[in-house]
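Coordinate inspection notes
Okay, here's what each chain looks like letter by letter:
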Amino acid sequence: MNINSIKNEIQEMEHVWHKLIFLCNRDGRFNTTIPIIDHFEKVNVNLILSQGLINKAENKYPLYVEEILLNTISHRNKVYLLQHIDILFDPVLQIHPIRLLENISKTYKLIVEWPGIYRDDQLSYAEYGHPEYFTCREFEGKVI
């Protein structure tokens, strides 16, 4: 997909319910070059959640994950590039990463660097058998 196509997808976010784009890279490395747009912000999800959960009881983590992210993602006119989202797959959080992102994307524009793969209309993270293994075929948003 070229730069103009990505720009068009970002502009279309205004007109859809879930404002969510997944960036998937086959070799697992990212050199994200998002077209120059106004009101754009990178968010290191691992850092934000690690800092926000440090003083919380582990059994309460699921109650705080969305709240912590929403304290960072708070301007409707910005486009947020979510990077380093690996923490979302940690079983201790007891969350469904895609549903969390879909819920936030109803209000805020999200571009997510997907750390796994997209194959056969399915987003996957980690290898089968790994504690953080995750796969999702039914999701909202676009995959680039």
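- The name given to the protein in an unreviewed UniProt entry is Virulence associated protein, and the organism recorded there is Virgibacillus dokdonensis.

**As for the overall build of the protein**
- The number of helices and strands found in the protein is four helices and eight strands.
- Written out in order from the N terminus, the α and β elements of the protein read α-β-β-α-α-β-α-β-β-β-β-β.
- Within the protein, the proportion of its 144 residues that are buried is 38%.
- Sequence separation of at least 24 residues holds for 73% of the intrachain contacts in the protein that already meet a minimum separation of 6.
- Summing over all exposed atoms, the protein offers an accessible surface of approximately 8,700 Å²; the carbon and sulfur share of this is 44%.

**Quick look at the packing of helix H2 (residues 45–53) against helix H3 (residues 61–72)**
- Closest axis-to-axis distance for the H2/H3 pair is 9 Å, and the angle between their directions is 120 degrees. Here H2 is positioned oblique relative to H3, judged by the angle of their axes. As H2 runs across H3, the sense of the crossing is right-handed. Between H2 and H3, the contacting residues are Val45, Ile48, Leu49, Gly52 and Leu53 on the first element and Tyr61, Tyr64, Val65, Ile68, Leu69 and Thr72 on the second.
- Partitioning the contact of H2 with H3 into residue classes produces nine nonpolar, two polar and no charged.

**Focus on the pairing of strand S1 (residues 20–24)**
- Within S1, four of the five residues are buried, which leaves it mostly tucked inside the rest of the structure.
- One ladder, built from five bridges, connects S1 with strand S4 (residues 109–114); its direction is parallel. The residue bridging Cys24 from the neighbouring strand is Trp114, located in S4.
- Note: S1 against strand S8 (residues 142–143), two bridges, orientation parallel. Paired with Phe22 across the bridge in S8 is Val143.

**Side note on the sheet that holds strand S5 (residues 117–119)**
- Taking strand neighbours across the sheet as the criterion, the three strands line up as S5-S6-S7 in an open arrangement whose pairing is antiparallel. The open sheet terminates on both sides in strands that have one partner only, identified here as S5 and strand S7 (134–136). Pairwise comparison of adjacent strand axes, ignoring direction, gives a mean angle of 20 degrees for this sheet.
- Of the pairings in the sheet, the one linking S5 to strand S6 (residues 122–125) comprises three bridges and is antiparallel in character. Across the sheet, residue Arg119 finds its bridge partner in S6, namely Gln122.

**A closer look at the packing of aromatic side chains**
- Per the counting criterion, the structure on display carries eight aromatic pairs.
- A ring pair is formed by Trp114 and Phe134, whose centres lie 6.3 Å apart and whose planes are at 50 degrees; its orientation type is tilted. Separated by 20 residues along the polypeptide, Trp114 in strand S4 and Phe134 in strand S7 bring together distant segments of the chain. Note on accessibility: Trp114 and Phe134 belong to one class, buried.

Rules of the game
Residues numbered from 1 in each chain as written. Predicted model: local features only at pLDDT ≥ 70, side-chain atom pairs only at ≥ 80, totals over all residues. Heavy atoms only, no water. Helix = DSSP H or I, 4+ residues; strand = E, 2+ residues; numbered from the N terminus. Buried < 20%, exposed > 50% of the residue type's maximum accessible area, 1.4 Å probe, protein only. Contact = heavy atoms within 4.5 Å. Areas by Shrake-Rupley, 256 points an atom, 1.4 Å probe, with all protein chains shown as cover. Axes fitted to C-alpha atoms, helices over the stretch in contact; angles between N-to-C directions. Parallel < 35°, antiparallel > 145°, perpendicular 65-115°, else oblique. Left-handed = near helix turned anticlockwise from the far one by under 90°. Nonpolar A, V, L, I, M, F, W, Y, C, P; charged D, E, K, R; others polar. Pairing = 2+ DSSP bridges. Phe/Tyr/Trp six-rings, centres within 6.5 Å; stacked < 30°, edge-to-face > 60°.

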